[in-house]
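For reference, the chains in residue letters:
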Amino acid sequence: MATDAISIGGVDLADPDTYVGGMPHGAFRELRRHAPVAWHPYGDNPGFWALTGYDEVLAVSRDSRTWSSQTTGVFLDVPAPEDSYQLSLMMLTMDPPRHTALRALVSRGFTPRHVARLNARTADMARDILDAALQRGECEFVDDVAGALPSYVIAELLGIPLDDGRRLYALTEIMNTRPLHDPELMQTQVELFGYAGDLAASKRAAPGDDIATALLHAEVDGQRLTDLEFNLFFMLLLNAGGDTTRNLVAAGTLALIEHPEQWARLAADPSLMPTAIEEMLRWTSPVNVFTRTATRDTEVGGVPLRAGERVAMFYPSANRDEKHFADPDRFDIGRAPNHHLAFGGGGTHFCLGASLARVEATAIFGEILTRTAHIELAGPVERVRSVLMNGIRSMPVRLTPASVPA
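Residues numbered from 1 in each chain as written. Predicted model: local features only at pLDDT ≥ 70, side-chain atom pairs only at ≥ 80, totals over all residues. Heavy atoms only, no water.

Participant: Can you lay out the packing of aromatic side chains for me, pointing to particular residues and giving the numbers?
Facilitator: Within this structure, the stated rule accounts for seven aromatic pairs. Taking the centre distance of 5.8 Å and the plane angle of 20° together, the rings of Y195 and F234 count as stacked. Here F234 lies in helix α13 (residues 227–240) and Y195 lies in helix α11 (residues 183–205), a separation of 39 residues in the sequence. Taken as a pair, Y195 and F234 share a single burial class, namely buried. Note that R282 overlies the ring of F325, its terminal NZ or CZ placed 5.4 Å from the centroid. Between the NZ or CZ atom of R320 and the centre of the ring of W283, over which it lies, the distance is 3.9 Å. (Phe/Tyr/Trp six-rings, centres within 6.5 Å; stacked < 30°, edge-to-face > 60°. Helix = DSSP H or I, 4+ residues; strand = E, 2+ residues; numbered from the N terminus. Buried < 20%, exposed > 50% of the residue type's maximum accessible area, 1.4 Å probe, protein only. Lys NZ or Arg CZ within 6 Å of the ring centre and 35° of its normal.)

This is the structure:
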């Protein structure tokens, strides 16, 4: 009989309520110890194998031939093929070679060289965002700081007004927090598709040096993207350009607040910023889970699996695997090496925005560390009710400006 993940861990990993109170690290620890590959029932839906060990997640991530993203998608819910939300994230739900060809288009805007050219502009935006927060003294950190910068940056990349980026960011929040077939979710997608259609028309008439223009004029297998494909790419970029950075900055700031000795250490030695960002990524793991489907009979971690069965890769658990991280429940901004899986385990679906997220996080944390003397919580922290995203919905904070030398 298959090992039941719920019985071992004591929680239902497919229930969004499980994550409202925080990541169930105790349950993950038990699963890693007793069954890093464990069968997980899922109500009336097909169940899945929960992968909680680092080695198991890494192996599946790097083998797209055996493990398909396209067959049943990458989410625990398996929507109908015509479901518009599933379509809107088509790059996540596609296998090579089509995935490789389409990824090459958008990856031009996320190369380290291109991202480096955004450094100065990103720093300016981070400075303006913190200016506004410091002037208020108290702010809703998730919306006013953590979510503001990625929405502005993706607007720059797409070649749209910054204010539009903020409005579109709010719409993607609805997409990521509403259940499938929710009327508000469907209306949001209609609005986003309408904006994408208008954007395509304007970029065809007046091309710019941006990802939107590149997508409209590039060819894949001798053909340009259809209007539908462009709309879907647009929605994917909005999501990919915002979620990871927002969750990283919000939860990373909370980690620094909860570990003041690490905050003081970073403030005293800013050269630790690169390792601090990597530790925040490991510690926060902005995306909780993606699934894959076996294309053939195979095995994971010595457990035999049949073709058509699904696995769910739980990144927060893999990132605290005792076999790969010394004292994994310790937040250490100087941790090295730190081969976390916050952006996936490599392979076909490694996060396109990884370089960009690091640039944005470095910019905003640099401003926070040099221009604030203290940040404290000014209200309760509310987490996102989601199985997919590991994020914070609300985090009111009070900021004390750093003293300016006379």
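Participant: Let's hear about the pattern of salt bridges: which residues, and what values?
Facilitator: Under the defined criterion, the tally for this structure stands at 23 salt bridges. Across the pair D124 and R127 runs a salt bridge, and its minimum N-O distance is 3.0 Å. Of the two residues, D124 and R127 both sit in helix α7 (residues 119–136), three residues apart, roughly one turn of that helix. The class for R127 is partly exposed, based on a relative accessible area of 35%. (Salt bridge = Lys/Arg side-chain N within 4 Å of Asp/Glu carboxyl O.)

Participant: Give me the lowdown on the side chain of H340, citing residues and values where you can.
Facilitator: Note on placement: H340 falls in the loop between α17 (315–318) and α18 (354–371). Within the structure, the side chain of H340 is placed 3.2 Å from the backbone nitrogen of A342, a separation counted as a polar contact. (Polar contact = N/O pair within 3.5 Å; in protein donor to acceptor, adjacent residues only side chain to side chain.)

Participant: Can you lay out the nonpolar core for me, pointing to particular residues and giving the numbers?
Facilitator: The biggest cluster of nonpolar side chains holds 78 residues, and the ones touching the most others in it are F234, I364 and F365. Broken down by element, the residue count for this core peaks at nine residues, all from α18. Not counting chain neighbours up to four residues away, the residues in contact with I364 comprise A126, I129, V145, L149 and V249. By size, the runner-up hydrophobic cluster in this structure holds 22 residues, among which are L58, F75, M313 and A318. (Core = buried A, V, L, I, M, F, W, Y, C linked by side-chain atoms within 4.5 Å. Contact = heavy atoms within 4.5 Å.)

Participant: So what's going on with the sheet that holds strand β11 (residues 372–377)? Residues and values would help.
Facilitator: Read across the open sheet, the three strands follow the order β4-β14-β11; overall the sheet is antiparallel. Each edge of the sheet is formed by a strand with only one pairing partner; in this case those strands are β4 (138–140) and β11. Each adjacent strand pair in this sheet contributes to an overall mean axis angle of 30°, direction not counted. Pairing between β4 and strand β14 (residues 396–401): three bridges, direction antiparallel. Among the inter-strand pairings, C139 is bridged to a residue of β14, identified as V397. The sheet contacts of α18 involve β11 and β14, and relative to β11 the element is tilted by about 105°. (Pairing = 2+ DSSP bridges. Axes fitted to C-alpha atoms, helices over the stretch in contact; angles between N-to-C directions.)

Participant: If you had to explain the pairing of strand β7 (residues 289–294) to someone new, which residues and values would you point to?
Facilitator: Counting buried positions over the six residues of β7 gives six, a clear majority of the element. Side-chain alternation along β7 places V289, T291 and T293 on one buried face and F290, R292 and A294 on a second face that is also buried. Strand direction decides the pairing type here: strand β3 (residues 67–68) and β7, joined by two bridges, are antiparallel. Bridge pairing in β7 places W67 opposite A294.

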